[in-house]
Amino acid sequence: MGTWRRLIRSLDALSNIRLDEVSAYGAEGEEQAQGFLAEEGYYSFFNRIIPHPQKQGVFLETDAIIYGEGNVFCVEIKRYKGRIYFPPKSKVVKVSKKFLFWDYETEKTVFDGYDNSRIVKAKEGNYGEGVFYKEFANPLGKTRYYIHHLKQFLSKIDQRFSRLFIIPVVGFSDTESDISAIRSLEEGLVYISEIPEFIRQHRNERFAASPSQWIIDSLGQVPTWDRILTRENEWIQGVILDNAFSCTLLNGRKYSIPYKEVKSISITRQGTLSDHDTVRILQVNGKTEVLASSKGQVNIDKAGERQTHKLRNINQVRIGTHALR
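As a starting point, this report considers the structure included with it.

1. Topic: the pattern of salt bridges
- Under the defined criterion, the tally for this structure stands at twelve salt bridges.
- A salt bridge links Asp226 to Arg325; its shortest N-O distance comes to 3.1 Å. In this pair, Asp226 is assigned in strand β12 (residues 226-230) and Arg325 in the segment after β20 (314-318), connecting sequence segments 99 residues apart.
- Asp226 sits in the buried class, given a relative accessible area of 0%.
- The exposure class assigned to Arg325 is partly exposed, which follows from its relative accessible area of 31%.
- Through salt bridges that share partners, Glu69, Arg203 and Glu205 make up one connected network.

2. Some words on unusual backbone geometry
- Even without glycine at this site, Glu69 takes up a positive phi of about 55°.
- As for its position among the elements, Glu69 is in the loop between β2 (59-68) and β3 (71-78).
- In the Ramachandran plot, Ala303 falls in the positive-phi region, its phi being about 55° despite a non-glycine side chain.
- Relative to the helices and strands, Ala303 is located in the loop between β18 (288-302) and β19 (305-310).

3. Regarding the nonpolar core
- Formed by 20 residues in total, the largest nonpolar core has its most connected members in Phe245, Ile265, Ile281 and Val298.
- Counting residues per element, the ones that place at least two in this core are β14 (244-249), β15 (254-258), β16 (262-269), β17 (277-283), β18 and β20.
- Grouped together as the second largest cluster of nonpolar side chains are 19 residues, Phe45, Ile147, Phe153 and Ile166 included.

4. So, a nonpolar patch on the surface
- Taken together, the side chains of Phe99, Leu100, Phe101, Trp102 and Tyr104 present a nonpolar region at the surface, about 670 Å² in accessible area.
- One can find Phe101 in the loop between β5 (88-99) and β6 (102-114).

5. Quick look at the environment of Gln316
- Its location among the elements puts Gln316 in strand β20.
- Taking the C-alpha atoms as reference points, Gln316 and Arg227, separated by 89 residues in sequence, lie 8.2 Å from one another.
- Contacts of Gln316, omitting those with residues within four sequence positions, involve Arg227, Ile228, Leu229, Trp235, Ile265 and Ser266.
- A polar contact of 2.6 Å, which involves the side chain of Gln316, links it to the side chain of Arg318.

6. Here we look at helix α3 (residues 139-155)
- With 17 residues, α3 should reach 24 Å at 1.5 Å per residue; the first-to-last C-alpha distance of 24 Å fits that figure.
- The N-cap residue of α3 is Asn138: its side-chain oxygen and the backbone nitrogen of Leu140 are 2.9 Å apart.

7. Some points on the sheet that holds strand β7 (residues 118-124)
- Taken together, the four strands give an open sheet; going across it, the order is β8-β7-β4-β10, and neighbouring strands pair in mixed fashion. The open sheet is flanked by β8 (131-137) and β10 (177-178), the only strands paired with a single partner.

8. Notes on the sheet that holds β2
- The five strands are arranged β1-β2-β3-β9-β11 in an open sheet whose pairing can be described as mixed. Single-partner strands in this sheet number two, and they are β1 (43-51) and β11 (189-191). Looking at each pair of strands side by side, their axes are set apart by 35° on average, direction ignored.
- Of the strand pairs in this sheet, β1 and β2 are connected by eight bridges, and their pairing is antiparallel. Its bridge partner lying in β2, Phe45 is registered against Ile65.
- Helix-sheet contacts for α3 involve β1, β2, β3, β9 (166-172) and β11, and the interaxial angle to β9 is about 145°.

9. Overview of the packing of aromatic side chains
- Applying the stated rule across the entire model yields eight aromatic pairs.
- Seen from their ring centres, Tyr80 and Phe172 are 6.2 Å apart, and the 50° between their planes marks the pair as tilted. Taken together, the positions of Tyr80 in the loop between β3 and β4 (82-85) and Phe172 in strand β9 put the pair 92 residues apart, joining distant regions of the chain.
- By relative accessible area, Phe172 is classed as buried at 0%.
- Geometry around Trp214 places Arg160 over its ring, the cationic atom sitting 4.2 Å from the centre.
- Its end group placed over the ring of Trp235, Arg227 keeps NZ or CZ at 4.3 Å from the ring centre.

10. Regarding the environment of Gln283
- Relative to the elements of secondary structure, Gln283 occurs in strand β17.
- Relative accessible area serves as the criterion here: at 13%, Gln283 is assigned to the buried category.
- With 23 residues separating them in the primary sequence, Gln283 and Lys260 have C-alpha atoms 9.0 Å apart.
- Not counting the four nearest positions on each side in its chain, Gln283 is found in contact with Ile257, Glu261, Val262, Lys263 and Glu289.
- Side-chain polar atoms of Gln283 contact the side chain of Glu289, separated by 3.5 Å.

11. So, the pairing of β8
- Of the pairings in the sheet, the one linking β7 to β8 comprises seven bridges and is antiparallel in character. When the bridges of β8 are listed, Arg118 appears paired with Ala137.
- Between the antiparallel neighbours β7 and β8 lie six residues, among them Gly128 with a positive phi of about 70°.

Rules behind the numbers
- Residues numbered from 1 in each chain as written.
- Predicted model: local features only at pLDDT ≥ 70, side-chain atom pairs only at ≥ 80, totals over all residues.
- Heavy atoms only, no water.
- Salt bridge = Lys/Arg side-chain N within 4 Å of Asp/Glu carboxyl O.
- Helix = DSSP H or I, 4+ residues; strand = E, 2+ residues; numbered from the N terminus.
- Buried < 20%, exposed > 50% of the residue type's maximum accessible area, 1.4 Å probe, protein only.
- Core = buried A, V, L, I, M, F, W, Y, C linked by side-chain atoms within 4.5 Å.
- Patch = residues over 30% accessible without salt bridge, like charges linked within 9 Å, V, L, I, M, F, W, Y side chains within 5 Å.
- Areas by Shrake-Rupley, 256 points an atom, 1.4 Å probe, with all protein chains shown as cover.
- Contact = heavy atoms within 4.5 Å.
- Polar contact = N/O pair within 3.5 Å; in protein donor to acceptor, adjacent residues only side chain to side chain.
- Expected span 1.5 Å × (residues − 1).
- Pairing = 2+ DSSP bridges.
- Axes fitted to C-alpha atoms, helices over the stretch in contact; angles between N-to-C directions.
- Phe/Tyr/Trp six-rings, centres within 6.5 Å; stacked < 30°, edge-to-face > 60°.
- Lys NZ or Arg CZ within 6 Å of the ring centre and 35° of its normal.

Here it is in structure tokens:
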């Protein structure tokens, strides 16, 4: 390979896409939850996606599906900073009053409980500029919506899922969220560290000691994101846009393999001015293929943003969307 092409490859290494701060911040909360759940030995399926029922190319996602203590749980992780509470509700009532000899009615706005379909985050400013308030939908609602469509997806794999009860739970950051006003082990609004306790509290004695293999096998077929591990050792997740992985080999020949046949791809760089990278492809059938690639890229859709990652800037690719291809 000529010097010019070696230089082009070295320039490719400079165009490395970094993980955005919001994604990196949220990923830390998910990693914390994975740590707690791994200690319990439950069957855990992280970052599972299903196609949106109305929007083509859009996916519904949950942070984890857990099968443990005889039940299936759908887990959402929230790393909100600040105090979390339900917003108060009010209503207008008529009040009887008297003025001298006259009786009359007037209207008065009174407290009417709390709206548990919403949550409010109250966070102090970083520089003492006051308290900022932001309102969100209760994440339990989103989790229940995901469960409804997850059961429809799973019922196509095994009809028994249409009758299976799946329990929603939301875990908030132990260190950054104050959920004392909404915390409920019964409803499933807990701290991340309390998720194992919540699962044990909802133990199904009939099936806890003998997990059903049909549940384990079916949950394993729920798609997850395709993931790219960059040269900076950051995971970027989304859906790979191409149907096949392709690259140019050192001898100039084109290589291609459908992504549905690929489990993972590992790339080893041979040096800044090298003429190739070593690509190791682990196929779904267990076979491994090793290539000398001079050029290639992976195109991924990350939340509606198209990203192109040159092979020179990738350490690993993991395919999670086999069921969708």
